[in-house]
Amino acid sequence: MPRDPLIGIVGKPSSGKSTTLNSLTDASASIGSFPFTTIDPNRATGYVQIDCACSRFGKESLCKPNYGWCTNGKRHVPIMLLDVAGLVPGAHIGRGLGNKFLDDLRHADALIHVVDVSGTTNAEGKNTRGYDPLNDIEWLQDEIRLWIEGNLKKRWGSIVRKHTATKSNVVDTLQAQFGGYGSQFSMIQRALDRLEGLPPLEHWNDDWITRVVKSFMVEKFPTVLALNKIDHPDADKNVSKIMLKYPNTKSVLCSAVTEIFLRKLNKQGFIRYEEGTEFVDTCEDDPENLKPLDDKILSRIEGIRDLVLYRFGSTGVVQVLQAATDILNLIPVYAVRNIQTFQGGNGQNVFRDCFLVKRGTSVGKVTRHIMGTEVTIAAIETVGGVRVSEDAPVEPGKNDILSFKIAPKSKDT
Ligand SMILES: Nc1nc2c(ncn2[C@@H]2O[C@H](COP(=O)(O)OP(=O)(O)OP(=O)(O)O)[C@@H](O)[C@H]2O)c(=O)[nH]1
């Protein structure tokens, strides 16, 4: 059974990790209880915003998720986040929280690297001016690579001896080494396929080992860059530099502190703010429903509109989490009791249960993930009561709303 996806938040001290995490985990509407089975202090529930299936069928007013919430067809689906704190240069040799950080990381399926693009904090997170954040992207990648490489090189002699003695396949040999990082055979295969002219493992020199580890990292730790603090005047030139140097890495511009500020005022009834958008109303726009603000805060909001919202379309925070689920290829799948009305088990409300699963996963696998392996599924249906085979893949808008008919337990069991 696939486990729930986990997204790690990484970045140097003072880059804005906690602020970003707070804005991703702050649930502004009343929400269901915690859906995940394991809770540890570094984990928090974030909410990724998706277009809910209820809006496909004009049933927005009847939508009531068991977990998260849905407003006018914009649904906030829970996803587990991992706060990977304490990374400083030299972590792989034990600086800062050192290996503790790296150990936490192995559980993550994707990373959000929060980068301070204002250039006002150095590699250690201390105040400065004109720091080049390109360094942060490089050294974070290097730390992870050196950690994996270090572990591999320590045992390289015996790895090669065993590999040749047992005439093993290179994928099997690497899976035995990388299994501890949560690797899978398919991941390793893809990582190796990307490397042209790769010699047999027994002929790998240091350079080839580095290339293999880098390629493996692309598979194991797909990364979104959250280019944070875009509200700062020095951010623009740093953002352009990063985009030029890393054209193929998903980057999202954001201002976590702005998001926190707007959500707070929204909760207190001073503004109307729709998360993930550029729309903010104040008492000037709606004096009857919004509380009055003093001139200082009004002018700060004006600044936020000009510097962040109108320039970039939003604070970017909602989009950061969306980008992380996109690189993992996750799509929402809905389990309903009644395939005609989309109602849940209690016969009320629609689309109560929504799960994020990898696009292309077979319906059978999704079924077992949701229903468990003990039950016997007699039939699976999708929209219109159409039967779906267990092999059919789930895709956005296709086989993504499912109803399961359970076979009655036989008397012998
Ligand atoms: N201008 C600006 N400042 C920000 C933004 N996000 C965070 N900050 C500020 O950056 C500082 C550090 O933010 P934190 O969220 O504590 O950073 P962190 O990465 O969690 O730091 P550590 O806990 O030391 O690892 C705080 O003063 C924040 O207010 C932003 O979008 N814009």
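Residues numbered from 1 in each chain as written. Predicted model: local features only at pLDDT ≥ 70, side-chain atom pairs only at ≥ 80, totals over all residues. Heavy atoms only, no water.

### A short note on the overall build of the protein
Put simply, the test is: Segments assigned H or I by DSSP are reported as helices when at least four residues long, segments assigned E as strands when at least two residues long, and all are numbered from the N terminus. We take the radius of gyration over the C-alpha atoms and set the globule estimate at 2.2 Å times the residue count to the 0.38 power. Three labels apply to residues, based on accessible area from a 1.4 Å probe with only protein chains included: buried if under 20% of the type maximum, exposed if over 50%, partly exposed otherwise in between. Two residues form a contact once any of their heavy atoms are found within 4.5 Å. Under the convention used here, a 1.4 Å probe and the Shrake-Rupley method define accessible areas, while residue burial counts only the protein chains that appear. Under the counting rule used here, the positive set is Lys and Arg, the negative set is Asp and Glu, and His together with the chain ends is not counted. We put the charge of a Lys on NZ, of an Arg on CZ, of an Asp on CG and of a Glu on CD.
Tallying secondary structure elements over the protein gives twelve helices and 14 strands in all. Taking 2.2 N^0.38 as the reference for a compact globule, 413 residues should give roughly 22 Å; the C-alpha atoms of the protein span a radius of gyration of 24 Å, in line with that estimate. With 413 residues in all, the protein has 49% of them scored as buried. By sequence separation, contacts in the protein at least 24 residues apart represent 69% of the contacts at least 6 residues apart. Here the protein has roughly 19900 Å² of accessible surface; of this, 50% comes from carbon and sulfur atoms. Charge separation in the protein, taken as the distance between the mean sites of 51 positive and 49 negative side-chain charges, equals 6 Å.

### Considerations on the domain arrangement of the protein
You'll often see interface size given as the accessible area lost when the parts meet. Convention followed: How far each domain reaches was decided by an automatic or database domain assignment. Simply put, the buried area is the total loss of 1.4 Å probe accessible area from both parts when two parts are fitted together. In what follows, salt bridge is the name for a side-chain nitrogen of Lys or Arg lying within 4 Å of a carboxyl oxygen of Asp or Glu. For this analysis, a polar contact is any N or O atom pair within 3.5 Å, provided that within protein one partner can donate a hydrogen and the other can accept it, and provided that sequence-adjacent residues contribute only side-chain to side-chain pairs.
With domains assigned, the protein is organised as domain 1 (6-141 + 223-325) and domain 2 (332-406). Of note, the centres of domain 1 and domain 2, computed from C-alpha atoms alone, are 31 Å apart. Buried surface at the junction of domain 1 and domain 2, both sides included, amounts to about 1300 Å², of which 60% is carbon and sulfur. Counting the surface domain 1 buries against domain 2, the share from its top three residues, Arg 56, Lys 64 and Asn 66, is 33%. Joining domain 1 to domain 2, the criterion identifies one salt bridge. Counting across the interface, domain 1 meets domain 2 through eight residue pairs in polar contact (both at pLDDT 80 or more). For the side of domain 1 that touches domain 2, the elements supplying multiple residues, two or more each, are strand 2 (43-51) and strand 4 (74-83).

### Thoughts on unusual backbone geometry
Despite not being glycine, Ser 14 shows a phi value in the positive range, around 65 degrees. With respect to the helices, strands and loops of the structure, Ser 14 is situated in the loop between strand 1 (6-10) and helix 1 (17-25). The residue Asn 72 is not glycine, and still its phi comes out positive at about 45 degrees. In this fold, Asn 72 is placed in the loop between strand 3 (69-71) and strand 4. In this structure Asn 72 comes out as exposed when scored by relative accessible area, which is 69%.

### A closer look at the site of the ligand
This is how it is decided: By convention in these notes, a residue is near a molecule or strand provided one of its non-hydrogen atoms lies within 4 Å of it. Under the convention adopted here, Pro, Cys and the residues Ala, Val, Leu, Ile, Met, Phe, Trp and Tyr are nonpolar, Asp, Glu, Lys and Arg are charged, and Gly plus all remaining residues are polar.
Around the ligand, the structure places 14 residues, and the nearest of them are Ser 14, Lys 17, Ser 18, Thr 19 and Asp 231. For the ligand, an oxygen atom lies 3.1 Å from a polar atom in the side chain of Lys 229. Take Asp 231: an N or O atom from its side chain is 2.8 Å from a nitrogen atom of the ligand. Protein chains bury 65% of the 650 Å² of accessible surface belonging to the ligand in isolation. Those elements that place two or more of their residues in the shell around the ligand are helix 1 and helix 9 (256-267). The leading source of residues in the shell around the ligand is helix 1, at three residues. Among the residues forming the shell around the ligand, the class breakdown is three nonpolar, seven polar and four charged.

### What to know about the sheet that holds strand 14 (residues 401-406)
Put simply, the rule is: What makes two strands pair is DSSP finding at least two bridges between them. Axis angles are defined between N-to-C directions and span 0 to 180 degrees, where every axis is a line fitted to C-alpha atoms and, for a helix, only to the segment in contact.
Read from one edge to the other, the open sheet built from five strands follows the order 11-10-14-12-13, with strand pairing classed as mixed. Both outer strands of the open sheet, strand 11 (353-358) and strand 13 (386-387), are each paired with one neighbouring strand and no more. Pairing of strand 10 (residues 330-335) with strand 14, which is carried by two bridges, proceeds in the parallel orientation. Across the sheet, the residue bridging to Tyr 334 is Ile 401, located in strand 14. Strands strand 10, strand 11, strand 12 (377-382) and strand 14 of the sheet are contacted by helix 12 (residues 363-371), whose axis makes an angle of about 70 degrees with strand 14.

### Re the side chain of His 113
Positionally, His 113 belongs in strand 5 (residues 110-116). Contacts of His 113, omitting those with residues within four sequence positions, involve Val 10, Gly 11, Asp 136, Ile 137, Leu 140, Thr 223, Val 224, Leu 225 and Ala 226.

### Details of the packing of aromatic side chains
By convention here, two paired aromatic rings are described through the distance between centres and the angle between planes. For the record, the criterion: Pairs were defined over the aromatic rings of Phe, Tyr and Trp, the Trp ring being its six-membered one, requiring ring centres within 6.5 Å. Orientation was assigned from the angle between planes: stacked under 30 degrees, edge-to-face over 60, tilted for the rest. Should the NZ of a Lys or the CZ of an Arg lie within 6 Å of a ring centre and within 35 degrees of the ring normal, that charge is described as sitting over the ring.
Within the structure shown, the criterion is met by ten aromatic pairs. Arranged with centres 6.3 Å apart and planes meeting at 55 degrees, the rings of Tyr 181 and Phe 216 form a pair that is tilted. Separated by 35 residues along the polypeptide, Tyr 181 in the loop between helix 5 (170-178) and helix 6 (185-193) and Phe 216 in helix 7 (residues 206-220) bring together distant segments of the chain. Under the relative-accessibility criterion, Tyr 181 is labelled buried at 5%. Taking 4.8 Å as the distance between ring centres and 20 degrees as the angle between the ring planes, the aromatic pair formed by Phe 342 and Phe 351 counts as stacked. Taken individually, Phe 342 and Phe 351 each receive the classification buried, so the pair is uniform in this respect. Members of the aromatic cluster, joined through ring pairs, are Phe 57, Tyr 334, Phe 342 and Phe 351. Directly above the ring of Trp 208 sits Arg 211, whose terminal nitrogen or CZ lies 4.0 Å from the centroid. Of note, Arg 300 hangs over the ring of Phe 261, and the distance from its end group to the ring centre comes to 3.7 Å.

### Side note on the nonpolar core
One broad trend across soluble globular proteins is that nonpolar side chains are buried collectively. The condition that has to hold: Among buried residues, those of type Ala, Val, Leu, Ile, Met, Phe, Trp, Tyr and Cys that are joined through side-chain atoms within 4.5 Å constitute a nonpolar core.
By size, the foremost hydrophobic cluster in this structure holds 40 residues, and its most contacted members are Leu 105, Ile 144, Ile 148, Trp 156, Phe 178, Trp 204 and Phe 216. Non-local contacts of Trp 204, meaning those with residues more than four positions away in its chain, are made with Trp 156, Val 170, Leu 174, Leu 192, Leu 198, Pro 199, Ile 209 and Val 212. In terms of nonpolar packing, the next biggest core, distinct from the first, is built from 38 residues, Leu 24, Ile 79, Ile 112 and Ala 256 among them.

### Quick notes on the pattern of salt bridges
When charged atoms on two side chains of opposite charge get close, those side chains can pair. What the rule picks out here adds up to 23 salt bridges. Several salt bridges share partner residues, and in doing so they unite Asp 142, Arg 145, Glu 149 and Lys 153 into one network.

### As for helix 8 (residues 235-245)
This is how it is decided: By arc we mean the arc of the directions from the helix axis to the C-beta atoms, nothing more.
Listed as buried for helix 8 are Ala 235, Asn 238, Val 239 and Ile 242. Around the axis of helix 8, the buried residues are gathered within 100 degrees of arc, so they sit on the same side. Opposite the packed face of helix 8, turned more than 90 degrees from it, sit the exposed residues Lys 237 and Leu 244. Residues of helix 8 that are buried in the fold lie against strand 5, helix 3 (134-154), strand 6 (223-228) and strand 7 (250-254).

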